[in-house]
Each structure stands twice: as C-alpha cells, then as structure tokens.
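Chain by chain, the residues:
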Amino acid sequence: MTRVLVLVAPGESELAGLDGLPGEVEVQTVSAEADLREALPHADVLVVTDFRTGLLERCWPANPKIKWVHATSAGVDALLFPALAESDIPITNAKGIFDRGIAEYVLGAVLLFAKDTMGNLALQREHRWQHRDTEMIDQRRALIVGAGSIGGEVARLLKAVGMQVTGIARRAREDVNFDVVLGNDCLFDCLSVADYVVITAPLTEDTQGLFDDRAFAAMKSGARLINVGRGPIVQTEALLASLQSGHLAGAALDVFEQEPVPEDHPLWEQPSVMMSAHMAGDFIGWQTALGEQFVANFKGWQQGQALFNQVKK
C-alpha cells in the first residue's frame, strides 16, 4: 500500500480532485504539528498545500521514507529547507495550472491602468462627471521578468492585443510567445524603455530584492509595475518611494514582502495602486484542478514513468 500524506493549513479543507487515485492508495490529510510529526515517517508521498516551511522542517524525519514531494503551487522556494533541498527526493510543482488565470489578471491590470478604471471608480464614488482621454495599449512595450511557463502565457495574451513583449530569463533564447527573450544582464537596459514591467519570476538568490531603488530609478518615468511572481522580489519601501515621487505611474500587486499586508500599511492608501490577496491565478475550480494534476502524475509514477513538472532544486 502506498501512503500519500497531504499537508494543509489549519482550517483548510481536504485537497479536492483526489478521487481518481487507485483504491489501494491510503490518503491522510493533516494540519496540526503533532499529526504531521506522527505521520511523516510512514508517508511514501507528501503533497504540500500549506507552505509553512518552519513546520515541515521541524517535523522532517532523520531518515525519511518519502520518495516524492509535490507542491500545489508553481513556486517551491518555501519548501527548499536544507534537509529536503540536499536530499535525492524529487520535488514536483503545479506548473501549468495557474498560467492562464495569472495571464488574464495581468492583461486586466494593463487595461485597468490604460483606461484609468481606478480614476473612473473614484469619480463615480464622488458623483463627478469628468471627461478624460485614456491610453491605447497597442504597440506599448511590456517587459516580463521571468520567461517561464507563466511568463510565456502572459506574453502570449499581451502580444494578442498588439503589445511589444520582451522577456528576461537566465539566458537569451528564442520563444514564440515573446518578440525576444534576453538574458539577465539586459534587465536594466530593458527597464528604461518598458511601459509595463511584469514580474513572473520565482524567488531565488538572484531575484530576492531585485527591484530596489536602483531598479525603480532605471524604469521609464510613467511606467507601471505588475507583480504576480513573489513578494520579496520587490523591496516595498523602494516601490513606495518611486510611486510617491511620481516616477512610477502605478502598480498592480498580488504578492507582497509581508502577507497579509498590515492594515495600516501605506500601500493601501496609494491612489495608483491596485492590490489583491495573492489570488491572481486562483480561478473557480482551481483546487480540483490541482488534485487532478497530482493524480495524473501519481498514476504515471506508479507505472514507472518519469515524474512531470519536476523542479530543479
């Protein structure tokens, strides 16, 4: 019998979509530390929906029986504590599930800024009739920092509405979704000409704090930032300073250095900022889709096939 252990957050429901697992598979869902500590030594496969790294690291057995860890997210940075990162245990992620939802969120944010939707809503609340001209997005330049599967889907939608799209990746390459993909060393040159900068990169040593005072100073005056990658890629105080000075014209933020954002944080009061609660890719039915993706991977693995969506630690 294969034992699958699912770690969820306290109060969170069991992972949907697991009905397709073979009958001989035993599934156990835990959230409390005591239950996790007891169950981990006996688990063959671990599915993590709750990324409280400290909890998993504290409970990690000295000689784990686990053969595979699956994360129900695209990013796995929170799972890479030393014992797991340095082990031979493969980690897979939910690559592909959130691509379209995040891409639609980004397109919506671009249109929100271009058509001054926030201005419309503010004037509506004041019962004011005020005509303005708004921007076109055709031929505007978008820079996507992180040219993986999510970045590629974002690029595909932005190109479909006529935008010029450049990607930044570890190294230059050809990608049909982008007009061009350049290496990391071209980032600052590209920031100076982009009308919209979209962050879809994972959190790594190279991207931690990447958008600091220097990066925002390099951005084109009047540009907008959209972050759907990882919060710590952007230094919040540097972003605030750039917004408050008027150098940046706006920001759409789905991820933050600190989540949830404190109620008294000045970001809430910025008129040119749109904030959402780390939900850009969460479409109706996404939990079931995550479970079904794991089931498909599990069935192939059980038959001796290579795991798909395996992460390079």
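This text follows the structure it describes.
### As for helix H9 (residues 236-245)
- Those residues of H9 that sit buried are Thr 236, Ala 238, Leu 239, Leu 240, Ser 242 and Leu 243.
- Its buried side turned inward, H9 meets helix H8 (213-218), strand E10 (224-227), strand E11 (250-253) and strand E12 (273-275).
- Just beyond H9, the residue with positive phi is Gly 246, at close to 90 degrees.

### Things to note about the sheet that holds strand E8 (residues 180-183)
- Overall, parallel pairing links the seven strands, which are arranged E8-E7-E6-E9-E10-E11-E12 in an open sheet. Looking at which strands have only one partner, the edges of the open sheet turn out to be E8 and E12. Averaged over all pairs of adjacent strands, the angle between their axes in this sheet comes to 15 degrees, without regard to strand direction.
- Alignment of strand E6 (residues 141-145) against strand E7 (residues 164-169), held across five bridges, turns out to be parallel. Bridging from a neighbouring strand, Ile 144 pairs with Gly 167 of E7.
- In the packing of H9 onto the sheet, contacts are made with E10, E11 and E12, and the angle to E11 comes to roughly 145 degrees.

### Here's the deal with the pairing of E6
- Across the five residues that make up E6, a large majority, four, are buried.
- Of the strand pairs in this sheet, E6 and strand E9 (residues 196-199) are connected by four bridges, and their pairing is parallel. Counted as the bridge partner of Ala 142 is Tyr 196 from E9.

### Digging into the environment of Gly 281
- Counting through the fold element by element, Gly 281 comes out in the loop between E12 and helix H10 (286-302).
- We classify Gly 281 as buried; its relative accessible area is 7%.
- Between the C-alpha atoms of Gly 281 and Glu 104, which are 177 residues apart in sequence, the distance is 8.5 Å.
- In this structure, Gly 281 is in contact with Phe 98, Gly 101 and Ile 102, ignoring residues within four places of it in sequence.

### Some details on the environment of Leu 79
- Its location among the elements puts Leu 79 in the loop between strand E4 (68-71) and helix H3 (82-85).
- By relative accessible area, which is 2% here, Leu 79 ends up buried.
- For the pair formed by Leu 79 and Leu 56, sequence separation is 23 residues and the distance between their alpha carbons is 8.3 Å.
- Not counting residues within four places of it along the chain, the set of residues in contact with Leu 79 comprises Val 48, Phe 51, Leu 56, Val 69, Ala 71 and Leu 84.

### Points about empty space enclosed by the protein
- Evaluation of the coordinates by the stated rule reveals one cavity of 30 Å³ or more.
- Within this model, the largest cavity holds a volume of roughly 60 Å³.
- Along its surface, the largest cavity is lined by Asn 227, Gly 231, Val 234, Thr 236, Leu 239, Leu 253, Val 255, Phe 256, Glu 257 and Leu 267.
- In terms of residue class, the lining of the largest cavity is built from six nonpolar, three polar and one charged.

### Considering unusual backbone geometry
- For the peptide bond that leads from Glu 259 to Pro 260, omega is -5 degrees, which places it in the cis range.
- Along the chain, Pro 260 falls in the loop between E11 and E12.
- At Asp 116, a position not held by glycine, the phi torsion is positive, near 50 degrees.
- Relative to the elements of secondary structure, Asp 116 occurs in the loop between helix H4 (99-114) and helix H5 (117-125).
- One non-glycine residue, His 127, adopts positive backbone phi at about 60 degrees.
- When you line up the elements, His 127 lands in the loop between H5 and E6.

### Some thoughts on the state of the cysteines
- Taken as a whole and judged by the stated rule, the model has zero disulfides.
- Free cysteine Cys 186: the closest other cysteine sulfur is in Cys 190, separated by 5.8 Å.
- Overall, Cys 186 belongs to the partly exposed group, its relative accessible area being 23%.
- Cys 190 gets classed as buried once you look at its relative accessible area, which sits at 11%.

### Some points on the sheet that holds E4
- In spatial order, the strands read E2-E1-E3-E4-E5; together these five strands make up an open sheet with parallel pairing. Edge positions in the sheet fall to strand E2 (25-30) and strand E5 (91-92), since each of these pairs with one other strand and no more.
- Seen against the sheet, H10 touches strand E1 (2-7), E2, strand E3 (45-48), E4 and E5 and runs at an angle of roughly 160 degrees to E4.

Conventions we followed
Residues numbered from 1 in each chain as written. Predicted model: local features only at pLDDT ≥ 70, side-chain atom pairs only at ≥ 80, totals over all residues. Heavy atoms only, no water. Buried < 20%, exposed > 50% of the residue type's maximum accessible area, 1.4 Å probe, protein only. Helix = DSSP H or I, 4+ residues; strand = E, 2+ residues; numbered from the N terminus. Contact = heavy atoms within 4.5 Å. Pairing = 2+ DSSP bridges. Axes fitted to C-alpha atoms, helices over the stretch in contact; angles between N-to-C directions. 1 Å grid on protein atoms, 1.4 Å probe; cavity = no way out; pocket = protein on both sides within 12 Å on 5 of 7 lines; lining within 4 Å. Points joined across faces, edges and corners; volume = space filled by probe spheres on them. Nonpolar A, V, L, I, M, F, W, Y, C, P; charged D, E, K, R; others polar. Disulfide = S-S within 2.5 Å.

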